[in-house]
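# Overview (structure and organization)
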Amino acid sequence: MSRTVDFTPDEFNIWDEDEEMKAFHFVSTSTILKQVVKVGADILHDVLPEDLISVVTSAQIKHISPVISGKTLVIGVRVIDVKENQIYFRGIVTYNNKKVADVEFSRSIVSRNYLRRKAVETASKE
């Protein structure tokens, strides 16, 4: 399974850890990672029953080349392995056919009810 989508980051997606660099409007690494793992979620959403959901359990990104907000990125994600309830993905992000980032991540398939119970347990302990 795989999917390719276009994503155009806006001003809310800029790298803002440094005031000087903020002025250049570079897209943040965290924005790129978030968009790639979302594509993985969308792939699984199409095949999972309503009572199950996928959650990110690990992620690794190599941000290779800077890109400016407002430029359309191409995000390609594919499933590379499945082991029990773990789905492993590889993603690539490009701009004008130049690689911007490589991403590897995994998602676990879990029960929505399990997550609801955990949320209630956590809230009741606070």
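See the structure printed just above.
Everything in this summary refers to the structure shown in the same document. Please read all numbers here as calculations on a predicted model, not as lab measurements.

Reading the values: rules and limits
Every residue gets a number counted from 1 within its own chain, in the order that chain's sequence is written. Only residues with pLDDT of 70 or above have their local features reported here, since the model is predicted, and side-chain atom pairs are shown and tallied only from 80 upward, although totals for entire chains, interfaces and linings are computed over all residues. Calculated side-chain values reflect all of the structure's heavy atoms, with hydrogen atoms and water omitted. Strand pairing is assigned whenever DSSP identifies at least 2 bridges connecting the two strands. Helix and strand assignments come from DSSP, with helices taken as H or I runs of at least 4 residues and strands as E runs of at least 2, each series counted from the N terminus. Comment: axis = line fitted to C-alpha atoms, over the contacting stretch for helices; angle = value between 0 and 180 degrees taken between N-to-C directions. The criterion used for residue contact is that any of the two residues' heavy atoms lie within 4.5 Å. Working definition of a nonpolar core: buried Ala, Val, Leu, Ile, Met, Phe, Trp, Tyr and Cys residues. They are joined through side-chain atoms within 4.5 Å. A simple rule labels every residue: compare its accessible area, found with a 1.4 Å probe on the protein chains alone, to the largest value its type can have, and call it buried under 20%, exposed over 50%, or partly exposed in between. In this scheme Phe, Tyr and Trp rings, the latter by its six-membered ring, pair at centre separations within 6.5 Å, and the angle between planes marks the pair as stacked below 30 degrees, edge-to-face above 60, and tilted otherwise. Distance thresholds for patches are 9 Å for like charges and 5 Å for nonpolar side chains (Val, Leu, Ile, Met, Phe, Trp, Tyr), applied to residues having over 30% relative accessible area and no salt bridge. For the accessible areas, the method is Shrake-Rupley and the probe is 1.4 Å, while residue cover comes only from the protein chains on display. When a carboxyl oxygen of Asp or Glu is within 4 Å of a side-chain nitrogen of Lys or Arg, the pair counts as a salt bridge. Residues counted as positive are Lys and Arg, residues counted as negative are Asp and Glu, and His and the chain ends are not counted. To locate a charge, the coordinates of NZ of Lys, CZ of Arg, CG of Asp or CD of Glu are taken. Expected helix span is computed as 1.5 Å times (number of residues minus one).

### Things to note about the sheet that holds strand 3 (residues 73-83)
- Read from one edge of the open sheet, five strands run 1-3-4-5-2, paired in antiparallel fashion. In the strand order of this sheet, the two ends are held by strand 1 (2-7) and strand 2 (52-63), each with one partner. In this sheet, adjacent strand axes meet at a mean angle of 25° when their direction is disregarded.
- Relative to strand 4 (residues 86-95), strand 3 runs antiparallel, the two being bridged by nine bridges. Looking at the pairing, Ile75 lines up with Val93 of strand 4.
- Against the sheet, helix 2 (residues 29-45) touches strand 1, strand 2, strand 3, strand 4 and strand 5 (98-111), its axis set at about 50° to strand 5.
- Against the sheet, helix 3 (residues 112-125) contacts strand 2 and strand 5, and its axis sits at roughly 85° relative to strand 5.

### Examining the nonpolar core
- Val36, Val77, Phe89 and Val93 are the most contacted members of the largest nonpolar core, which totals 21 residues.
- Every element with two or more residues in this core is listed here: helix 2, strand 3, strand 4 and strand 5.
- Element by element, the count of residues in this core is highest for helix 2, at six residues.
- If sequence neighbours within four positions are ignored, Val36 has contacts with Ile75, Val77, Gly91, Val93, Val103 and Phe105.

### Description of the packing of aromatic side chains
- This structure, assessed with the given rule, holds two aromatic pairs.
- Judged by centre distance (4.7 Å) and plane angle (5°), the ring pair of Phe89 and Phe105 falls under stacked. Of this pair, Phe89 sits in strand 4 while Phe105 sits in strand 5, and the two are 16 residues apart along the sequence. Of the two residues examined, Phe89 and Phe105, each falls in the buried class.

### Some details on a negative patch on the surface
- A contiguous patch of negative charge, built from Asp16, Glu17, Asp18, Glu19 and Glu20, is present on the exposed surface.
- Among the structural elements, Asp16 can be located in the loop between strand 1 and helix 1 (19-22).

### With respect to the pattern of salt bridges
- In the structure shown here, the tally under the stated rule is six salt bridges.
- Residues Arg3 and Asp46 are paired through a salt bridge, measuring 2.4 Å at the closest nitrogen-oxygen approach. Of this pair, Arg3 sits in strand 1 while Asp46 sits in the loop between helix 2 and strand 2, placing them 43 residues apart in sequence.
- By relative accessible area, Asp46 is classed as exposed at 51%.
- Notably, a salt bridge pairs Lys83 with Asp81, separated by 3.7 Å at the nearest N-O pair.

### Some thoughts on the environment of Pro9
- Looking at where Pro9 falls in the secondary structure, it is placed in the loop between strand 1 and helix 1.
- Expressed as a C-alpha distance, the spacing of Pro9 and Ile68, which sit 59 residues apart in the sequence, is 8.3 Å.
- Setting aside residues up to four positions removed in sequence, Pro9 forms contacts with Val27, Ser69, Gly70, Lys71 and Leu73.

### Observations regarding helix 2
- If you check helix 2, its first and last C-alpha atoms are 24 Å apart, about what 17 residues at 1.5 Å a residue would give, namely 24 Å.
- When helix 2 is considered as a whole, its buried residues turn out to be Thr31, Ile32, Gln35, Val36, Val37, Val39, Gly40, Ala41, Ile43 and Leu44.
- Tucked inside the fold, the buried residues of helix 2 contact strand 1, strand 2, strand 3, strand 4 and strand 5.

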